[in-house]
Amino acid sequence: MQTSPAHAAHHNDREIETLQEFDAVVSSRGTLAGFRVQCVDLTDRTRELLASDATGAVFLGCPMRENAAAKVRADGALVFPPLPGLPFDPYRGHLYRPDELFAALDKGYEETPDALAYAWFQQTKTDGDIYASMLRSVHDDAISDALDELLRGTRVVGVMGGHALGRGTDAYDSAARLGRALARAGFTVATGGGPGAMEAANLGAYAAPYDDTMLHEACELLAGSPSFVPSVTDWARAAFEVRTRWPKGNTSVGIPTWFYGHEPPNAFASHIAKYFANATREDGLLARSNAGVVFLPGAAGTVQEIFDNATPNYYESRGEPTPMVLVNRAHWTERLPTWPLLQALARDRSMESRIALVDRIEEAPEALIRLAHVNES
């Protein structure tokens with residue numbers, strides 16, 4: 001991937017998301033007027049806050065001394081204070097990292113921030129509390145903002161496939177090789193961020209700098225914990241063992257959801273955009289796959305994603321149609337005959353030249369690149 005949160009081009013240069021950015025703005029501009037300061041600990045910046053004009057500024061979840069908070073409020077700034085007691089930060093400025101979501105894994109998955117956020121979601125999603133639903137919305141919007149900043153200027157390929165695909169299977173190993181081939185071709189791999197085919201594609205992207213031996217040995221190591229059932233703890237530990245043994249992996253993106261809380265996020269996506277709202281997550285993943293989507297064999301969820309992706313391509317509501325590659329002829333023509341319907345939809349429309357069905361997963365990267373060139377011609 002060509003960019004990282006530290007170097008991402010902000011689509012809004014009035015956002016301050018780190019202490020370094022705060023110091024740079026104060027020293028170069030001498031004012032905070034109109035800025036949005038997001039999730040920055042300003043406890044040790046009282047002098048700067050007292051000396052700077054904060055007219056029209058917004059402080060989202062920034063710890064600060066009471067006299068500093070009073071002063072910026074008097075300037076006309078909006079101050080949204082940090083919210084203690086929540087298992088997540090609704091104002092966060094960056095995407096999650098695997099070690100952040102899985103912190104305290106040594107005590108068991110139930111103690112991790114990921115599991116605690118899901119437990120909070122379970123408690124609040126049915127009680128109709130406007131405050132809780134607002135916090136979820138603010139969090140998800142912050143995640144979308146961070147995701148846009150991260151992916152700016154990158155060519156993103158989505159890889160969709162079933163969560164039930166087990167480690168240690170030929171299909172899992174093939175999906176990993178697909179992720180690796182896409183990463184090596186210069187694409188940013190984005191998945192639904194969960195287990196199964198999604199994990200395999202993120203693992204493959206992670207393995208891009210390494211040789212065949214590494215990927216083979218990593219897949220063998222992971223096969224010792226083939227599924228996140230019955231133990232998410234064992235499943236996640238195996239992934240972190242791979243990361244520890246081969247620490248210099250390539251970057252990729254996972255976009256999971258707490259809506260499917262029984263499915264943990266995988267640890268091979270370097271950047272994790274985890275959402276509470278599954279609809280926001282589904283649409284966001286497909287909308288950001290600007291270089292196309294590869295659909296591996298899956299069930300209802302993958303079928304839904306195919307047509308969620310086909311609809312804007314059909315109407316060209318996001319501009320030029322993007323490539324769609326379906327993998328496994330028997331699966332998509334016989335078991336779940338999605339391909340004939342997709343072909344019928346595409347007929348005589350510009351998306352017709354941007355869809356392909358391949359039998360083997362090894363054919364997908366070449367098909368994707370071929371369809372992308374059709375797109376450019």
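Residues numbered from 1 in each chain as written. Predicted model: local features only at pLDDT ≥ 70, side-chain atom pairs only at ≥ 80, totals over all residues. Heavy atoms only, no water.

### Side note on the overall build of the protein chain
So, step 1. Within the protein chain, the regular secondary structure consists of 15 helices and 11 strands.
So, step 2. Its C-alpha radius of gyration of 22 Å places the protein chain within 12% of the 21 Å reference for a compact globule of 377 residues.
So, step 3. Relative to its 377 residues, the protein chain shows a buried fraction of 53%.
So, step 4. When contacts within the protein chain are restricted to residue pairs at least 6 apart in sequence, long-range pairs at least 24 apart make up 63% of them.
So, step 5. Entry remark: accessible area of the protein chain is about 16300 Å², with carbon and sulfur atoms responsible for 52%. (Helix = DSSP H or I, 4+ residues; strand = E, 2+ residues; numbered from the N terminus. Rg over C-alpha atoms; globule rule 2.2 N^0.38 Å. Buried < 20%, exposed > 50% of the residue type's maximum accessible area, 1.4 Å probe, protein only. Contact = heavy atoms within 4.5 Å. Areas by Shrake-Rupley, 256 points an atom, 1.4 Å probe, with all protein chains shown as cover.)

### As for the pattern of salt bridges
So, step 1. Scanning the model with the defined rule gives 18 salt bridges in all.
So, step 2. With its nearest N and O atoms 2.9 Å apart, the salt bridge here joins Arg 180 to Asp 212. Taken together, the positions of Arg 180 in helix H7 (residues 170-184) and Asp 212 in helix H9 (residues 212-222) put the pair 32 residues apart, joining distant regions of the chain.
So, step 3. Given a relative accessible area of 10%, Arg 180 falls into the buried group.
So, step 4. Note that Arg 360 is salt-bridged to Glu 362, the shortest N-O span being 3.7 Å.
So, step 5. Classification of Arg 360 as partly exposed rests on a relative accessible area of 47%.
So, step 6. A cluster of three or more residues bridged by salt bridges with shared partners is formed by Arg 92, Arg 97, Asp 99 and Glu 100. (Salt bridge = Lys/Arg side-chain N within 4 Å of Asp/Glu carboxyl O.)

### Here's the deal with the confidence of the model for the protein chain
So, step 1. When pLDDT is averaged across the protein chain, the result is 94; 96% of the residues are at 70 or more.
So, step 2. In this model residues 1-11 is a low-confidence stretch, pLDDT under 50, and it forms 31 contacts with partners more than four residues away in sequence or in other chains. (pLDDT = per-residue confidence, 0-100.)

### Brief notes about the packing of aromatic side chains
So, step 1. Applying the stated criterion across every chain yields a total of 13 aromatic pairs.
So, step 2. By way of ring pairs, the aromatic residues Phe 88, Tyr 96, Trp 120, Phe 121, Trp 258 and Phe 276 are connected into one cluster.
So, step 3. For Arg 14, the ring lying beneath its charged end belongs to Phe 35, and the centroid distance is 4.8 Å.
So, step 4. Sitting over the ring of Tyr 314, Arg 349 keeps its end group 3.8 Å from the ring centre. (Phe/Tyr/Trp six-rings, centres within 6.5 Å; stacked < 30°, edge-to-face > 60°. Lys NZ or Arg CZ within 6 Å of the ring centre and 35° of its normal.)

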